[in-house]
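# Architecture at a glance
Now for the letters of each chain:
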Amino acid sequence: MKILVTGGGTGGHIYPALAFVNYVKSQDQDAEFMYVGAKRGLENKIVPETGIPFHTLEIQGFKRKLSFDNVKTVQLFLQSIRQAKKILKDFQPDVVIGTGGYVSGAVVYAAAKLNIPTIIHEQNSVPGITNKFLSRYVNKIALSFQDAAQFFPEEKSSLIGNPRAQEVADTPKSTILANFGLATDKKTVLIFGGSQGALKLNEAVMEFLENFDDDNYQVLYASGDRYYEQIKSQVDVTKQSNVSIQPYIRQMAEVMANSDLLVGRAGATSIAEFTALGLPAILIPSPYVTNDHQTKNAQSLVNAGAAKMIADSELTGESLGTAITEIMKNETVQQQMSKASKEQGMPDASKRLYELVQTVIKK
């Protein structure tokens, strides 16, 4: 089997694709892969390290207001389609899977025009412009949230979850918290705002930690590189043995598996990970994303009883502290939210997507 995956720009498009590739490798040692990304996307740092054959296309997104750049966008899109067709003819994949980003628009569209079986994977509860455009051309649409079904043709859509979930679902308990100077037998709140960090979250966490004196649980905060020095200078963690501040956490899945509550943004990949582990969450959706999709991602979990949500505009040290306390001080609430989170998770997402691939190829 030959599989070409395409997606780029953000980790939310890249990591599900790579998680799926890893799963297929475990099922079929003879499977061949190719990844097509954008020249300026994050995939240029991530994909080459995996050893997967990697090609890039020059492409950019549309500006939301009238701009000469949009003329260039159309030119690059048409050029990328031509380049994608050449890549596809050379590789001759059995299926092409797009996981989002402008580059997947060109590649999946080109594949559809060449009559190669195509699937798009939509991570969010509200789809972006690329997947909406592609939905009329592809054979199948794989959804992570049932809420997204309303935007796509019913006969093409299947709820399969996010492949990243299956990659972390069986992560075992360990002593990894000791690496951060924390106890391995104490309840832990994990707070993170993404690799770069988030200013409003950082300010609220600093305020929360300055007044934090609870011995019943500990806090691990990944501040992001941008805010690490600032928070270190303002919060004296040497006086708080139950607080650890890190610029970045590489083994995030393992840390999640050893935590009791997650606080962070409502990105699709993060949600896939913590629901696969059955972790309760306090979600602060980013107000800076397209179609406010993080709020809608979070709301679906709030409705299920798996998470609490604080709007970015209402986030303070006090509101954060109150939400954390309401969960960490109540064992029954923790257990109920954990159960609901686990029910929302799809720990067999890669398996489901693989089965969908096989149905498309057989046609």
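Attention in this report is confined to the structure presented alongside it. (Residues numbered from 1 in each chain as written. Predicted model: local features only at pLDDT ≥ 70, side-chain atom pairs only at ≥ 80, totals over all residues. Heavy atoms only, no water.)

### Here we look at the packing of helix α7 (residues 199-210) against helix α12 (residues 317-328)
Two numbers describe how α7 lies on α12: the axes approach to 7 Å, and their chain directions differ by 70 degrees. In terms of orientation, α7 and α12 fall into the roughly perpendicular class. Relative to α12, α7 is oriented so that their crossing is right-handed. Of the residues in α12, those touching α7 at Ala204, Val205, Glu207 and Phe208 are Gly317, Glu318, Leu320, Gly321 and Ile324. Of the residues in the contact of α7 with α12, the class split is five nonpolar, two polar and two charged. (Axes fitted to C-alpha atoms, helices over the stretch in contact; angles between N-to-C directions. Helix = DSSP H or I, 4+ residues; strand = E, 2+ residues; numbered from the N terminus. Parallel < 35°, antiparallel > 145°, perpendicular 65-115°, else oblique. Left-handed = near helix turned anticlockwise from the far one by under 90°. Contact = heavy atoms within 4.5 Å. Nonpolar A, V, L, I, M, F, W, Y, C, P; charged D, E, K, R; others polar.)

### Structural notes on the sheet that holds strand β3 (residues 54-57)
If you trace the seven strands from one edge of the open sheet to the other, you get β3-β2-β1-β4-β5-β6-β7, paired in parallel fashion. Taken across any chain shown, the strands that pair with only one partner, and hence form the sheet edges, are β3 and β7 (157-159). Neighbour-to-neighbour, the strand axes of this sheet turn through a mean angle of 20 degrees, independent of strand direction. Each of β1 (2-6), β2 (32-38) and β4 (95-98) touches helix α1 (residues 11-27); the most contacted strand, β2, lies at about 175 degrees to it. (Pairing = 2+ DSSP bridges.)

### Some thoughts on unusual backbone geometry
In this structure, Gln92 takes a positive phi of about 55 degrees despite not being glycine. By the element assignment, Gln92 lies in the loop between α3 (69-91) and β4. On the basis of relative accessibility, which here comes to 56%, the residue Gln92 falls in the exposed class. At Asn115, a residue that is not glycine, the phi angle is positive and equals roughly 65 degrees. Within the secondary structure, Asn115 sits in the loop between α4 (102-113) and β5 (118-122). (Buried < 20%, exposed > 50% of the residue type's maximum accessible area, 1.4 Å probe, protein only.)

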